[in-house]
Amino acid sequence: MTDIKSLLTETRLFEPSVDFVAQARIKKAELERLREESRKDYEGFWAARARETLTWDQDFTTTLKNKPPFVEWFVGGKL
C-alpha cells in the first residue's frame, strides 16, 4: 500500500513546448529583472503592468487597498 505522504510530493518537471515558449509574453531572459523590479516597488510594479496591458476607461486612483480581510486592487478604475 502507498503511504499517503508520498502522494503529496511531486518532483517531476514538465518543460513547456517550444511553441508555448515562443508565444510567452515574458521571456526567460527578462524574468529576473521583472522579479527584482516587483520586489523593490510591489504596488508600482503592478500599477505599471495594469496600465501597459489594459485599456482603462477611467484610471485607478489607488493601486492596492489592503485592509484584511478585504483587499481591493486598482480602486476607482473602470475598464
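The following refers to the structure shown. Note that the structure is predicted; figures quoted are calculated from it, not measured. (Residues numbered from 1 in each chain as written. Predicted model: local features only at pLDDT ≥ 70, side-chain atom pairs only at ≥ 80, totals over all residues. Heavy atoms only, no water.)

So, the pairing of strand E1 (residues 62-67)
For E1 and strand E2 (residues 70-75), the ladder comprises five bridges, and the chain directions are antiparallel. For Lys 67, the partnering residue across the bridge sits in E2 and is Phe 70. Hairpin connection between E1 and E2: a loop of two residues separates the two successive antiparallel strands. (Pairing = 2+ DSSP bridges. Helix = DSSP H or I, 4+ residues; strand = E, 2+ residues; numbered from the N terminus.)

Quick look at a nonpolar patch on the surface
A grouping of Tyr 42, Trp 46, Val 71 and Trp 73 is seen on the molecular surface, where their side chains present a nonpolar patch of about 400 Å² in accessible area. Taken together, the elements giving at least two residues each to the nonpolar patch come down to helix H3 (42-53) and E2. Tracing the backbone through its elements, the reader meets Tyr 42 in helix H3. (Patch = residues over 30% accessible without salt bridge, like charges linked within 9 Å, V, L, I, M, F, W, Y side chains within 5 Å. Areas by Shrake-Rupley, 256 points an atom, 1.4 Å probe, with all protein chains shown as cover. Salt bridge = Lys/Arg side-chain N within 4 Å of Asp/Glu carboxyl O.)

Brief notes about the packing of aromatic side chains
One pass over the full model with this rule turns up six aromatic pairs. With centroids separated by 5.1 Å and ring planes inclined at 70°, the aromatic side chains of Trp 56 and Phe 60 adopt a geometry described as edge-to-face. Classification of Trp 56 as buried rests on a relative accessible area of 18%. Taking the relative accessible area as the measure of exposure, Phe 60 reaches 4% and is therefore buried. (Phe/Tyr/Trp six-rings, centres within 6.5 Å; stacked < 30°, edge-to-face > 60°. Buried < 20%, exposed > 50% of the residue type's maximum accessible area, 1.4 Å probe, protein only.)

So far we have only geometry, and geometry alone does not tell us how the molecule works.
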